[in-house]
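Chain by chain, the residues run as shown.
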Amino acid sequence: MRGRRGRGRWRAGHRRWGEENRSYIEGQFASLQKRFDPERARRIATMDRNLLVFPNLVINDIMGIVIRTITPTSAGQTVIEQWTLATKGEPASVRERRLASYVIFQGPGGLATPDDMEACESCQQGFRTVAEAPWSDISRGIHKEATGGPFVAEDEIQQRTFWRHWRDLMGG
C-alpha cells in the first residue's frame with residue numbers, strides 16, 4: 001500500500017509522529033496538495049474512516065490501515081482477527097511511531113479493540129434476552145434518513161443499514 005497514512009496529520013495538530021518526523025509528514029501532505037484539490041487533500045490527510053464490507057470485513061483507516069475480520073464459528077463463539085498495514089518505504093522512525101500507536105490503541109491490549117470486543121460480547125448477552133426485549137434501539141440519527149443527512153459519526157445509520165440488509169438476505 002503506497003503512502004496514505006501519516007500524510008498531513010502534523011498540520012492537523014496530531015503531533016504523535018514526533019518532531020523528528022515533522023518534515024516527512026509535512027512533505028506527504030504537500031504531495032497530496034499537488035495531486036488533489038485542497039479540500040480533498042485535507043480529507044485524505046486528516047479524516048478517519050471505518051468501512052464495513054458486508055458481512056464480516058472491517059477496514060479501519062485511523063492510525064494506519066487495520067483490516068479486521070469477524071467470523072462466527074458456532075453459536076456463542078466468534079473469531080476476530082486483525083492486521084495492520086503500513087506505507088511502503090516509510091522511514092523507520094515513522095513506522096516505529098505507527099506500530100506503537102497501533103499497539104496502544106488498536107492492539108489486543110489497547111483502548112479500541114478490547115472496547116469493541118466488550119461491546120460485541122455485551123450485544124450477544126443482550127440478544128439472549130429476546131423474549132424480554134425483542135429489539136435493539138439503534139435509532140440515533142434516524143430522523144436524518146428522510147432528508148439524507150447530514151450524518152455525524154454518532155448516528156447509527158451504519159448499524160441500521162447492516163441489519164436491514166441482513167434481514168433482507170434472511171428473507172425477512
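The rules we used
Residues numbered from 1 in each chain as written. Predicted model: local features only at pLDDT ≥ 70, side-chain atom pairs only at ≥ 80, totals over all residues. Heavy atoms only, no water. Core = buried A, V, L, I, M, F, W, Y, C linked by side-chain atoms within 4.5 Å. Buried < 20%, exposed > 50% of the residue type's maximum accessible area, 1.4 Å probe, protein only. Helix = DSSP H or I, 4+ residues; strand = E, 2+ residues; numbered from the N terminus. Salt bridge = Lys/Arg side-chain N within 4 Å of Asp/Glu carboxyl O. 1 Å grid on protein atoms, 1.4 Å probe; cavity = no way out; pocket = protein on both sides within 12 Å on 5 of 7 lines; lining within 4 Å. Points joined across faces, edges and corners; volume = space filled by probe spheres on them. Nonpolar A, V, L, I, M, F, W, Y, C, P; charged D, E, K, R; others polar. pLDDT = per-residue confidence, 0-100. Contact = heavy atoms within 4.5 Å. Pairing = 2+ DSSP bridges. Axes fitted to C-alpha atoms, helices over the stretch in contact; angles between N-to-C directions. Expected span 1.5 Å × (residues − 1). Arc of directions from axis to C-beta. Left-handed = near helix turned anticlockwise from the far one by under 90°.

Caption draft 1: Inspection of the nonpolar core at higher detail. By size, the foremost hydrophobic cluster in this structure holds 5 residues: Phe29, Leu32, Ala41, Ile44 and Ala45. Ranked by residue count, the leading element in this core is helix 2 (residues 38–46), at 3 residues.

Caption draft 2: Spotlight on the pattern of salt bridges. Overall, the coordinates contain 13 salt bridges when judged by the stated rule. Residue Glu90 is joined to Arg95 by a salt bridge in which the shortest nitrogen-to-oxygen separation is 2.9 Å. Of the charged contacts in the structure, one is a salt bridge between Glu145 and Arg160, with a shortest N-O distance of 2.4 Å. One end of the pair, Glu145, is in the loop between helix 4 (112–127) and helix 5 (157–169); the other, Arg160, is in helix 5, and 15 residues separate them in sequence.

Caption draft 3: Molecular detail of the layout of surface pockets. Counted as a void, the largest pocket has a volume near 2,100 Å³. Val58, Ile70, Asp116, Cys120 and Gln159 are the residues nearest the centre of the largest pocket, which is lined by 48 residues in total. Secondary structure elements with two or more residues in the lining of the largest pocket: strand 1 (49–53), strand 2 (57–61), strand 3 (65–74), strand 4 (77–85), helix 3 (92–106), helix 4 and helix 5. When residues in the lining of the largest pocket are grouped by element, the largest group, 11 residues, is from helix 4. For the lining of the largest pocket, the residue count by class is 26 nonpolar, 13 polar and 9 charged.

Caption draft 4: Seen up close, the confidence of the model for the protein. Looking at the protein, pLDDT values average 83 and 91% of them are 70 or higher. Between the elements of the protein, mean pLDDT differs from a low of 81, seen in helix 4, to a high of 92, seen in helix 1 (residues 22–35). Confidence drops under a pLDDT of 50 for residues 1–7, and excluding neighbours within four residues, the segment shows 32 contacts in the predicted structure.

Caption draft 5: Structural detail: the pairing of strand 1. Sheet topology places strand 1 next to strand 2; 5 bridges connect them, and they run antiparallel. Its bridge partner lying in strand 2, Leu51 is registered against Ile59. A loop of 3 residues connects strand 1 with strand 2, the two strands running antiparallel in sequence.

Caption draft 6: Expanded view of the sheet that holds strand 4. Sheet architecture is open: 4 strands sit in the order 1-2-3-4, paired in antiparallel fashion. Bordering the open sheet on either side are strand 1 and strand 4, each of which pairs with just one other strand. Direction aside, the axes of adjacent strands within the sheet are offset by 15° on average. Bridging between strand 3 and strand 4 involves 9 bridges; their strand directions are antiparallel. Across the sheet, the residue bridging to Arg68 is Gln82, located in strand 4.

Caption draft 7: Just helix 3, in detail. Between the first and last C-alpha of helix 3 there are 20 Å, a value that for 15 residues agrees with the 21 Å anticipated at 1.5 Å per step. Burial in helix 3 covers these residues: Val94, Arg98, Ser101, Tyr102 and Gln106. All buried residues of helix 3 fall inside an arc of 105° around its axis, so they share one side. Residues of helix 3 that are exposed and point over 90 degrees away from its buried face: Ala92, Glu96 and Ile104. For helix 3, the elements touching its buried residues are helix 1, strand 2, strand 3, strand 4 and helix 4.

Caption draft 8: Representation of the packing of helix 1 against helix 2 in the model. Two elements in contact, helix 1 and helix 2, have axes whose closest approach is 8 Å; the angle formed by their N-to-C orientations is 145°. The two elements helix 1 and helix 2 meet at a crossing, and its hand is right-handed. Contact residues: helix 1 offers Phe29, Leu32 and Gln33, while helix 2 offers Ala41, Arg42, Ile44 and Ala45. Taken together, the residues of the contact of helix 1 with helix 2 break down into 5 nonpolar, 1 polar and 1 charged.

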